[in-house]
Structures are given as C-alpha cells and as structure tokens.
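Structural features, examined
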Amino acid sequence: MARSLCAGAWLRKPYYLQARFSYMRMKYLFFSWLAVFIGSWIIYGQYSTYTELCRGQDCKKIICDKYKTGVIDGPACSSLCAKETLYFGKCLSTKPNNQMYLGVWGNLQGVVKCQMEQTPRLDFGTELEPRKEVILFEKPTRGTTVQKFKEMVYSLFKAKLGDQGNLSELVNLILSVADGNKDGRVSLPEAKSAWALLQLNEFVLMVILQDKEHTPKLMGFCGDLYMMERVDYTSLYGISLPWVMELLIPSGFRRTMDQLFTPSWPRKAKIAIGLLEFVEDVFHGPYGNFLMCDMSAKNLGYNDKYDLKMVDMRKIVPERNLKELIKDRHCESDLDCVYGADCRTSCDQSRMKCSSEVIQPNLAKACSLLKDYLLRGAPSEIREELEKQLQSCVALTVTANQMEMEHSLILNNLKTLLWKKISHTNDS
C-alpha cells in the first residue's frame, strides 16, 4: 500500500513541476512583454518630444528662404544658406520656440539659436502666438534712410533702458555690428536682421557686454538666427547623463550626484568670483541696470580654465523694461507678480495690482545659488566667515536703505575673501 502511494506521488511530481514551469514561463513572458511595452512607450514619447523640440531644418528653411529672396542678410547667411559651411549639430533645445544647437562653422564651434515663433514682449505667462515672419522682418521698410534707422534704434533703447546719456554711443555700436560685411554701410536686409535681433535681450546683452570676460562672444547672425561662443561646461553642478538614465535616477540621488561631481573647491571659488563679476557687469552698467530673472545653475557654465561663462542670458532683462510691463498687472497674491523664476514684486492688495519694485537684487539671488556650492568642501579656516558673508548677501533687499552701498560692500568682501584663499594656488 505504501509502495503504491509512493509510486503515485512520483507520478504526480512531473505534472506539478511542469505546471510550475509553465507558470514561471508565463510570468517571465508577461514581465518581458511589459518591459518592452514600457520601453517602447518611453522611446516613442522621447522621440515625439525630440521632433517637437528640435526643428532645426524648419528654422534653417525659413531663414534661408528670406535670405535668398533678399529680405535679410548677415555675416552668417552665406555660410548657412549658400556655402553650407555652417551647419547644426546636436540639438540642445528645451522649448519648441527657442531652437538651440551645437553649431560648426568651418573650424569654429559654437551654439546656434533661432526663434521659431514670434518673440514675446515680457508677457508674464501668456501663450505665444505662432511666428509671423512678415511681421518679424517688416521693419525697417524700403526707403528708410540710415539716419531714420538710427532714430528707430535710439527710440527702442530709450523705451527699454531709459533716457541714458550715452544711448547714441550704443546706437553706433549696434550699427557697426549690423554692418555684417564691413563695407561701411548698413543695407536694408542687414537692417532688417539687426532690428529683429534687437528684440532679443540676449543679443542686446552680447553687444553691450562684448568686451566682458564672462559674456559669450557673438560669432555671427542671419535674420534672427545667431551663433555664439560655445561653453565647455554648461552647468555649475553635475554631469551629463543619457536621457534614459536621467529618467531612472531618483531626483534626490541626482542632487547628491550633482554635489559630488563638482570641481575642487579652489576651482569652485574661481567660478563663483566670475559670477560675482558678472553681477557687477549688469548692475548699473554703462547702459543701465539689468535684472537676472532665472538664476539657475543650468544657465551658467565655465571653460577649461574655470572662468565663468554665461550659457543662457534670455531671462536677463532691462530693469526699466520689466518695471513698465509688470506694474499695474492684476494680481491676487505675490505669486502673480513673478517673471521668469526669480524676478518678484509684491501684490498691492488694496489695488489688486503688482508693484514695480523687484524685491531681491541680482547679488542676493547669486548668493542663494552659490551658498551650498561654496560651503561644501570649504577650507575650515574661512568656512565660518564665508557662511556669515553669504547669509548677509542672501538677506539683501532692494528696498533697504543704502542698498547700493551695501551691495558693493558685500560683493567686494566676498570676492576678496575668496580671492585671498585661492590666489596662491595653481587654480587661480
């Protein structure tokens, strides 16, 4: 009896194993199918995003059509549209209307930027309308004299920058840049390109600060497409990873990686000094005060010598221009009175309108960004003093009495402290 039961158990065991094997196989196939489905969905989503963000060929076609019909001209037009010695490389765009690519121009490398839609005046969140090419390149009109064009540029800068005493000097500087072929005169197509570019704050800043160390150099333009100097390292923090890895890494761990993969402290100090110097450049510079409205680590970079270089200056705007456009804007709270990420004013609850005074100066925003960056790994002998100075800097407000004097004092003290510590090192 026992032998028969034992034999029955042995007969049943293969069926059990077979059933278990079938179950494991089905489970494996299910999860394999699920992984393939999710992977395909992610790849499709990324491809769709890429095709939406990266429309370089559309940008080139629009620009080159205008160039070939004689509407626009500029130093980069022939290379882009006729000789094809200027071409687009890796896509860097983060928004469909702001096309950005690594560019190669003969032996030179840079970053090409092109506006795919009509550039907004600081509209504080309203939707962009589709680009209207006719409107974009309609000025100046045929028959406009060089003197009339100078008056147009002067009026534009007066509205943006205020009644500066040296605006005529700036106008002459713009005309020298607009003369792309350097024949001593500005043609109508060159003037149309220059006028379109003057609507872009980044282009204006590159011209105004063209001799400053931390501003990328303008390499050429055609219509509202322009090429600027390439920056070796395009963020203060972190390392570049393939997009698949970016999706899989948790945000908390990514922030830890960002902190770990930074230069040595003396090199970070040198980069920080560069940012403080750039803040000086745009704070009551030769043509007025500019406000840094997106103080993100992704907008700052550095070269192989650890000199700071700006990567994106599109959200650095003239103070007067911003004040005129934000004042009297309807609001219900202070959250309605923000431009970019960092230019904030207050909401006047009695009128339900935004005030025109920005709360934080550029220096306070720069110190907020630099605080963790500089304190991590800081030498013990200066850490306490550095932290104290950074806290005073972060606490700066525009409305404080003698703000300009405080601004200059804190900025100079920070630069001196950092420079004294690294001046004897190879990194300086």
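Below: a short report on this structure. Quick caveat, the model's predicted, so the values are computed rather than measured.

**So, the packing of aromatic side chains**
If you walk through the whole model with that rule in mind, you get 6 aromatic pairs. For the ring pair tyrosine 233 and tyrosine 302, a centre distance of 4.8 Å and an interplane angle of 15° mean the geometry is stacked. Residue tyrosine 233 is located in the loop between strand 5 (225-229) and helix 9 (243-248), and its partner tyrosine 302 is located in strand 7 (residues 300-302); the two are separated by 69 residues in the primary sequence. An aromatic cluster is present here, built from Phe203, Phe221 and Tyr226 joined pairwise through their rings. The cationic tip of lysine 268 hangs over the ring face of tyrosine 373; the distance from NZ or CZ to the ring centre is 5.4 Å. Residue placement shows lysine 315 over the ring face of tyrosine 339; its charged tip is 5.5 Å from the ring centre.

**Description of the pairing of strand 1 (residues 86-91)**
As paired elements, strand 1 and strand 2 (residues 98-105) share 4 bridges and run antiparallel to each other. Directly across from tyrosine 87, in strand 2, lies its bridge partner valine 104. As consecutive antiparallel partners, strand 1 and strand 2 are separated by 6 residues.

**Observations regarding the sheet that holds strand 2**
One open sheet accounts for 5 strands, arranged 1-2-3-5-4; its pairing is antiparallel. Two strands bound the open sheet, and with one partner strand each, they are strand 1 and strand 4 (218-222). On average, each strand axis in the sheet is tilted by 30° relative to the strand beside it, whichever way the strands run.

**Notes on the environment of proline 318**
Of note, proline 318 is situated in strand 9 (residues 316-318). Distance from proline 318 to leucine 291, taken between C-alpha atoms, is 6.2 Å for residues 27 residues apart in sequence. If we ignore the near neighbours within four places in the chain, the residues touching proline 318 are Lys160, Leu161, Asn201, Asn289 and Phe290.

**A word on the nonpolar core**
Core analysis: the largest hydrophobic core is formed by 78 residues, its most contacted members being Phe157 and Leu386. Ranked by the residues each element gives to this core, the list is headed by helix 11 (residues 265-282), at 10 residues. Split by domain, this core shows at least three residues from each of two domains, domain 1 (65-117 + 137-229) and domain 2 (243-423). Not counting residues within four places of it along the chain, the set of residues in contact with leucine 386 comprises Trp265, Leu374, Leu375, Ala378, Leu414, Leu417 and Leu418. One finds Ile63, Trp105, Val112 and Leu136 within the second-largest nonpolar core, a separate group that totals 25 residues.

**Section: the pattern of salt bridges**
Under the defined criterion, the tally for this structure stands at 14 salt bridges. The closest approach of N and O atoms between lysine 113 and aspartate 312, which form a salt bridge, is 4.0 Å. Of this pair, lysine 113 sits in strand 3 (residues 108-115) while aspartate 312 sits in the loop between strand 8 (308-310) and strand 9, placing them 199 residues apart in sequence. By relative accessible area, which is 0% here, lysine 113 ends up buried. Measuring nitrogen to oxygen at the nearest pair gives 3.9 Å for the salt bridge that ties glutamate 229 to lysine 309. Remark: lysine 309 occurs in strand 8 and glutamate 229 occurs in strand 5; sequence separation between them is 80 residues. Residue glutamate 229 is classed as partly exposed on the basis of its relative accessible area of 23%.

**Details of the packing of helix 14 (residues 380-394) against helix 15 (residues 403-422)**
Here helix 14 crosses helix 15 at 160°, and the two axes come no closer than 10 Å. By the angle between their directions, the pair helix 14 and helix 15 is classed as roughly antiparallel. In the crossing of helix 14 with helix 15, the sense of the turn from one axis to the other is left-handed. Counting all contacts with helix 14, which are made through Glu381, Ile382, Glu385, Leu386, Gln389, Leu390, Ser392 and Cys393, the residues of helix 15 involved are Ile410, Asn413, Leu414, Leu417, Leu418 and Lys421. Split by residue class, the contact of helix 14 with helix 15 holds 8 nonpolar, 3 polar and 3 charged.

Cut-off values and rules
Residues numbered from 1 in each chain as written. Predicted model: local features only at pLDDT ≥ 70, side-chain atom pairs only at ≥ 80, totals over all residues. Heavy atoms only, no water. Phe/Tyr/Trp six-rings, centres within 6.5 Å; stacked < 30°, edge-to-face > 60°. Helix = DSSP H or I, 4+ residues; strand = E, 2+ residues; numbered from the N terminus. Lys NZ or Arg CZ within 6 Å of the ring centre and 35° of its normal. Pairing = 2+ DSSP bridges. Axes fitted to C-alpha atoms, helices over the stretch in contact; angles between N-to-C directions. Contact = heavy atoms within 4.5 Å. Core = buried A, V, L, I, M, F, W, Y, C linked by side-chain atoms within 4.5 Å. Buried < 20%, exposed > 50% of the residue type's maximum accessible area, 1.4 Å probe, protein only. Domains from an automatic or database assignment. Salt bridge = Lys/Arg side-chain N within 4 Å of Asp/Glu carboxyl O. Parallel < 35°, antiparallel > 145°, perpendicular 65-115°, else oblique. Left-handed = near helix turned anticlockwise from the far one by under 90°. Nonpolar A, V, L, I, M, F, W, Y, C, P; charged D, E, K, R; others polar.

Worth remembering: the numbers are spatial, not functional.
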